[in-house]
Amino acid sequence: MAAQPVLRPTPEEDAPTPAPLALLTIPGDTPEDSDTYWLREVYQADRVPQFTLRAVLLGSGIGALTCATNLYAGLKLAIVFPIAITAALLAHATHGGLRRLAPGVSGAPLSPLETCCAQAVASSAGYATGGALISVQGAWLLTTGSHPPGWALLAWTFLLSALGVFFAVPLKRRLVDHEQLPFATGTAAAVAIRALHAPGTGARSGTRMLGVGGLVAGLVTLVRDGLGRLPYAFPFPGSLGGMPLQQLGFALETSLLPLGGGALLGLRLTASWLLGALLIHGVVAPRIFAAGIVPADESFLGWSLWPGAAALTAASLLHFALDGRVLGRALRGLFSGRRAAPHPVDALQVPGRWVLVGVAVLTPAILAVAHVGFGVPVAHAALAVALSFVLCLIACRVTGETDATPVGPLQQVTQLTFGVLLPRNVEANLATAGITVNSASAAADLLSDLKTGHLLGAHPRRLFLAQLFGALVGAAAVVPLFYLLVPDRSVLGSERFPAPVAAMTASVAQVLSTGVGSLGPATRAAMLWAGLAAILLTLAERRLPERARQWVPSPLGMGLACLTPFSTALGFFLGALAAAVTRRLRPSAGEGVVTLASGLIAGEGLVGVAIVLAQALW
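Residues numbered from 1 in each chain as written. Predicted model: local features only at pLDDT ≥ 70, side-chain atom pairs only at ≥ 80, totals over all residues. Heavy atoms only, no water.

In terms of helices and strands, the protein chain carries 25 helices and four strands. Across the 618 residues that make up the protein chain, the buried fraction comes to 55%. Pairs at least 24 residues apart make up 82% of the contacts formed inside the protein chain by residues separated by at least 6 positions. (Helix = DSSP H or I, 4+ residues; strand = E, 2+ residues; numbered from the N terminus. Buried < 20%, exposed > 50% of the residue type's maximum accessible area, 1.4 Å probe, protein only. Contact = heavy atoms within 4.5 Å.)

Here is the structure:
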């Protein structure tokens, strides 16, 4: 059967199709209905420019800036800013300023899809390329005392980021198009771009709400992080189980970013997150401290990440096992050649042969760099690449549902695996963990950007190319900067660069170098119980009747509670609760809630980046 033709606009349809500001999901009773609606009502085809030279160049410049600031922030504070929304706003504002300064050179205003393309390049460059430098490569320097060769680190960073981009492609149709997972940052970026480009009074209203949220969050961030006049959190008074609530992480954060994120994620997930935080930090933590498993002067999160990683891994793998037929179709699509497309939308996706060629080229190159540059045996490097594909599946699903990419827990899975296979090879343990960090970050970031493009009607294949180019830009910018900021081991752990994530990663690698037995009995038992609980919750939310299913706690939210302080979980829940109450009291306020929440996320990100940049320059 011949492939169905892609629907093309008639001459009367040359103008961009309307993209309502409140459109957060694509209507349709079945996946086929949603595809048809998207193709007819949302997809812009070639009506507006998208993958243009100026969009790519603008995104590259912003990406170079944001990857530099995120690297600095990660080494100093272990903070990574939401690059997608920040990049979209920067692209729009920067080009607007250029048009005022040189209108003849800058040309017409950016189209919404050009802004989307620019933010995809910048997001790939600023977010998906530097995570492993902050954690794994910092730990490598702490452990070995020296940097790997420059050529190896540059090639390593780009190749693994590109591999993650290719790994995410088969998941796009399922997670973005059909399940329509929230991907809160991607959704917020789409809302922000629509508000910036919407015509008439609607645009002014959307921009005003976006501006109010950005201004409030920006001022709070400036007062807190820039001027030091506001604490990061107000601790709760009292104690629990003989432990001060402050030490258990019970506090009210002054960061408004969790409030914005919670408003986009919804009540079920954030309530599950808060419930898990109450259990792990309010019930388990006092017992762990009292038993002496974690010393009173150490962070409980260093221990709780183990059951959290077990819960997230078990839930995500079971999700895909239960969707085995769907996943199988996605994987078979890579090898089906010119198989007839079941829907015209499939003709717009990244071709399976591109993925095959990309993985076939990147994998041998990664194995060569891993062996020559990092001393990893070829067979073990190949296993790490295969494992990273499975972990990319987990990262993409968790990011879609929670907007938090579980790079840390997945890194621990890799470190645990190679702690067993290569028990006394710390260098191989770290290098294989780097495969997971880079590829999982890039895969999740691509799907988040594709979510933005899906809501705006962008061509998915062009966004894929933008993301791939961004990985190249990010590697070229961030690796030399890493060598400049961290010339030797003595810099890490200093007052300028405490590098907490690198220190934790190095500690885990050294512990696991002796094998799984190095974990205490309580830790192993906690991982077992957390994994079993996640499996039961996943089965319940998939098998129970619809009416009962909404009351089942999200296993991903419960697992994430093990990885964040209670104060963060509380912030997300309060944001979701405020949004739900507002929508209940004023049903017409749904559009404003989403735009305001996007402004809160964007405002803190923009001002936070500016503060870090100013500190770096001074």
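For the protein chain, the mean per-residue pLDDT works out to 81, and 84% of the residues sit at or above 70. The least confident element of the protein chain, judged by mean pLDDT, is helix α14 (residues 324–332) at 51; the most confident is helix α15 (residues 352–374) at 94. Scored below 50 in pLDDT, residues 333–341 shows 11 contacts in the model against residues more than four places distant or in partner chains. (pLDDT = per-residue confidence, 0-100.)

An ideal rise of 1.5 Å per residue puts 27 Å on 19 residues; helix α3 (residues 83–101) measures up with 26 Å between its terminal C-alpha atoms. Of the residues making up α3, those classed as buried are I83, A84, I85, T86, A87, A88, L89, A91, H95 and G97. (Expected span 1.5 Å × (residues − 1).)

Taken N-terminus to C-terminus, the directions of helix α16 (residues 378–402) and helix α18 (residues 426–456) make an angle of 35°; their axes are 8 Å apart at the nearest point. For the pair α16 and α18, the crossing hand works out as right-handed. Every residue of α18 that contacts α16 at A381, A384, V385, S388, L391, C392, A395, C396 and T399 is listed here: T432, I435, T436, S439, A440, A443, A444 and L447. Tallied by class, residues from the contact of α16 with α18 come to 12 nonpolar, five polar and no charged. (Axes fitted to C-alpha atoms, helices over the stretch in contact; angles between N-to-C directions. Left-handed = near helix turned anticlockwise from the far one by under 90°. Nonpolar A, V, L, I, M, F, W, Y, C, P; charged D, E, K, R; others polar.)

Looking now at the packing of helix α5 (residues 112–126) against α18. Relative to each other, α5 and α18 sit at 175°, their axes nearing to 10 Å. By the angle between their axes, α5 is roughly antiparallel relative to α18. Residues P112, L113, C116, Q119, A120, S123 and S124 of α5 lie in contact with α18, whose contacting residues are D445, D449, T452, G453 and L456. Here the residues of the contact of α5 with α18 sort into five nonpolar, five polar and two charged. (Parallel < 35°, antiparallel > 145°, perpendicular 65-115°, else oblique.)

A positive phi angle, close to 50°, is found at A45, a residue other than glycine. By the element assignment, A45 lies in the loop between α1 (31–42) and α2 (53–77). On the basis of relative accessible area, A45 is assigned to the buried category, the value being 5%. Even without being glycine, F183 reaches a positive phi, approximately 40°. Within the secondary structure, F183 sits in the loop between α8 (172–178) and α9 (184–197). Judged by its relative accessible area of 0%, F183 falls in the buried class.

The next subject is the packing of aromatic side chains. On inspection of all chains with the given rule, the structure shows 11 aromatic pairs. Both rings, one in W38 and one in Y43, keep their centres 5.1 Å apart while their planes meet at 25°; by these two values the pair is stacked. What makes Y43 buried here is its relative accessible area of 2%. Pairing F166 with F464 gives two aromatic rings, centres 5.3 Å apart and planes at 75°, and the pair type is edge-to-face. Placement of F166 in helix α7 (residues 150–168) and of F464 in helix α19 (residues 460–485) is noted, with a sequence separation of 298 residues between them. (Phe/Tyr/Trp six-rings, centres within 6.5 Å; stacked < 30°, edge-to-face > 60°.)

Core analysis: the largest hydrophobic core is formed by 111 residues, its most contacted members being W38, L71, W156, I366, F374, L447 and V486. Among the elements that take part in this core, α18 stands out by supplying 15 residues, more than any other. Beyond its immediate sequence surroundings of up to four residues, F374 is in contact with Q137, W140, P148, A152, W156, V369, E427 and A431. Listed in part, the 42 residues of the second largest apolar core include A184, L245, W303 and A597. (Core = buried A, V, L, I, M, F, W, Y, C linked by side-chain atoms within 4.5 Å.)

A contiguous nonpolar surface patch, about 590 Å² in accessible area, is contributed by F234, L252, L267, L574, L577, V581 and L585. When residues of the nonpolar patch are assigned to their parent elements, the largest contribution, four residues, is made by helix α24 (residues 566–585). With respect to the secondary-structure elements, L585 resides in helix α24. Note on L585: relative accessible area 67%, which makes it exposed. (Patch = residues over 30% accessible without salt bridge, like charges linked within 9 Å, V, L, I, M, F, W, Y side chains within 5 Å. Areas by Shrake-Rupley, 256 points an atom, 1.4 Å probe, with all protein chains shown as cover. Salt bridge = Lys/Arg side-chain N within 4 Å of Asp/Glu carboxyl O.)

To continue, consider α1. If you check which residues of α1 are buried, you get S34, D35, W38, L39 and V42. Here the buried residues of α1 occupy an arc of 130° about the axis, which is enough to place them on one side. At its buried positions, α1 is contacted by α8, α18 and α19. (Arc of directions from axis to C-beta.)

Turning next to the side chain of Q349. Locating Q349 in the fold gives a position in the loop between α14 and α15. Here K172 takes part through its side chain, which lies 3.0 Å from a polar atom of the side chain of Q349. Side-chain polar atoms of Q349 contact the backbone oxygen of V345, separated by 3.1 Å. Contacts of Q349, omitting those with residues within four sequence positions, involve K172, R173, D177, P460 and R461. (Polar contact = N/O pair within 3.5 Å; in protein donor to acceptor, adjacent residues only side chain to side chain.)

Once that is clear, we can look at the side chain of R173. Assignment of secondary structure puts R173 in helix α8. With residues near it in sequence (within four places) discarded, R173 still touches D35, H178, V345, D346 and Q349.

Applying the stated criterion across every chain, the model contains zero disulfides. Not engaged in a disulfide, the cysteine C396 finds its nearest cysteine sulfur in C392; these two sulfurs lie 6.1 Å apart. C396 sits in the buried class, given a relative accessible area of 0%. (Disulfide = S-S within 2.5 Å.)

Considering the arrangement of structural elements, one finds H343 in the loop between α14 and α15. Taking relative accessible area as the criterion, H343 reaches 10% and is therefore assigned buried. In this structure the C-alpha to C-alpha distance between H343 and T36, which are 307 residues apart in sequence, comes to 8.3 Å. Excluding residues that lie within four positions of it along the chain, H343 makes contacts with E32, D35, T36 and L39.

Going through the model one piece at a time under the given rule, you end up with 10 salt bridges. D35 serves as the salt-bridge partner of R173, at 2.9 Å between the closest nitrogen and oxygen. Of this pair, R173 sits in helix α8 while D35 sits in helix α1; the two residues are 138 residues apart in sequence, bridging distant segments of the chain. Taken individually, R173 and D35 each receive the classification buried, so the pair is uniform in this respect.

Glancing now at the environment of A311. Here A311 lies in helix α13 (residues 301–322). On a C-alpha basis, the gap between A311 and C562 in space is 9.2 Å, while along the polypeptide they are 251 residues apart. The contact partners of A311, leaving out residues within four places of it in the chain, are A530, G531, A534 and G559.

Before going further, it helps to examine the environment of G211. In this structure, G211 sits in helix α10 (residues 200–226). Classification of G211 as partly exposed rests on a relative accessible area of 34%.

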